[in-house]
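Structure at a glance
Residues per chain are reported as follows:
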Amino acid sequence: MEIQISHTSMEPIYEQIAGQIRLQIREGTLQAQDPLPSVRGFAREYRVSALTVKKAYDLLEEEGFVHTVHGKGTYVAEVSANTVQEELQKQLESQFLQALAKARAMKLTEEEILDLVRMLMEEYR
């Protein structure tokens, strides 16, 4: 399992870890019943706090992506494509809500926000 951690990113490290593990599960790099590294082993390898890794694993377990067997470790759960898609949808909605909150804080009108989205969609095509 390969994880890239940016200490300069605005995204918390535990979210970076969870996001990359989610992505590897979605892409099939990590499959059901694959073991994740131990919290301490992960923390040592990537030079982050064990509490940070634990927080990422707890988040993934709460979302249904992994399960922990006490005394044995943390494993990738049986995850349906729908579950992965729903989780990605929730994350996207959350990011859109944050962007909308920023736009409203800047006092942009609904039409200005929609114009910005249309412009970005044109650039993306």
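For the structure itself, consult the block above.
A brief structural summary.

On to the overall build of the protein, then. When its secondary structure is counted, the protein shows five helices and two strands. Traced from its N-terminal end to its C-terminal end, the protein shows the element sequence α-α-α-β-β-α-α. Taking 14 Å as the expected radius of gyration for a compact globule of 125 residues, we find that the protein reaches 18 Å, considerably beyond that expectation. A principal-axis box enclosing the C-alpha atoms of the protein has dimensions of 55 × 30 × 25 Å. In the protein, which comprises 125 residues, the proportion classed as buried is 25%. Entry remark: accessible area of the protein is about 9,100 Å², with carbon and sulfur atoms responsible for 54%. Side chains of the protein give 14 positive and 20 negative charges; the mean places of these two sets differ by 7 Å.

A separate point is the environment of His70. Mapped onto the secondary structure, His70 falls in the loop between strand E1 (66-69) and strand E2 (73-76). A relative accessible area of 81% means that His70 is categorised as exposed. Along the sequence, His70 and Ile21 sit 49 residues apart, while their C-alpha atoms lie 20 Å from each other.

Attention shifts here to the packing of helix H2 (residues 39-46) against helix H3 (residues 50-63). The interhelical angle for the contact between H2 and H3, taken along N-to-C directions, is 120°, at an axis separation of 8 Å. It follows from the interaxial angle that H2 and H3 lie oblique. Judged by the sense of rotation from one axis to the other, the crossing of H2 with H3 is right-handed. Residues Val39, Phe42 and Ala43 of H2 form the contact with H3, whose participating residues are Ala50, Val53, Lys54 and Tyr57. In terms of residue class, the contact of H2 with H3 is made up of six nonpolar, no polar and one charged.

When we look at burial in H2, the residues that qualify are Gly41, Phe42, Ala43 and Tyr46. Where the residues of H2 are buried, they touch helix H1 (13-27) and H3. Looking one or two residues past H2, Arg47 carries a phi angle of roughly 55°, positive in sign.

Now for the pattern of salt bridges. Within this structure, the stated rule accounts for five salt bridges. Across the pair Glu111 and Arg118 runs a salt bridge whose closest N-O atoms are separated by 3.5 Å. You can call Glu111 partly exposed: its relative accessible area is 45%. Among the salt bridges present, the one from Asp115 reaches Arg118, with a minimum N-O distance of 3.0 Å. Taken together, the positions of Asp115 and Arg118, both in helix H5 (residues 110-124) and three residues apart, correspond to about one turn of that helix. Judged by relative accessible area, which is 46%, Arg118 ranks as partly exposed. A single network of salt bridges, built from pairs that share partners, joins Glu111, Asp115 and Arg118.

Calculation notes
Residues numbered from 1 in each chain as written. Predicted model: local features only at pLDDT ≥ 70, side-chain atom pairs only at ≥ 80, totals over all residues. Heavy atoms only, no water. Helix = DSSP H or I, 4+ residues; strand = E, 2+ residues; numbered from the N terminus. Rg over C-alpha atoms; globule rule 2.2 N^0.38 Å. Buried < 20%, exposed > 50% of the residue type's maximum accessible area, 1.4 Å probe, protein only. Areas by Shrake-Rupley, 256 points an atom, 1.4 Å probe, with all protein chains shown as cover. Lys, Arg positive; Asp, Glu negative; His and termini not counted. Charge placed at Lys NZ, Arg CZ, Asp CG, Glu CD. Axes fitted to C-alpha atoms, helices over the stretch in contact; angles between N-to-C directions. Parallel < 35°, antiparallel > 145°, perpendicular 65-115°, else oblique. Left-handed = near helix turned anticlockwise from the far one by under 90°. Contact = heavy atoms within 4.5 Å. Nonpolar A, V, L, I, M, F, W, Y, C, P; charged D, E, K, R; others polar. Salt bridge = Lys/Arg side-chain N within 4 Å of Asp/Glu carboxyl O.

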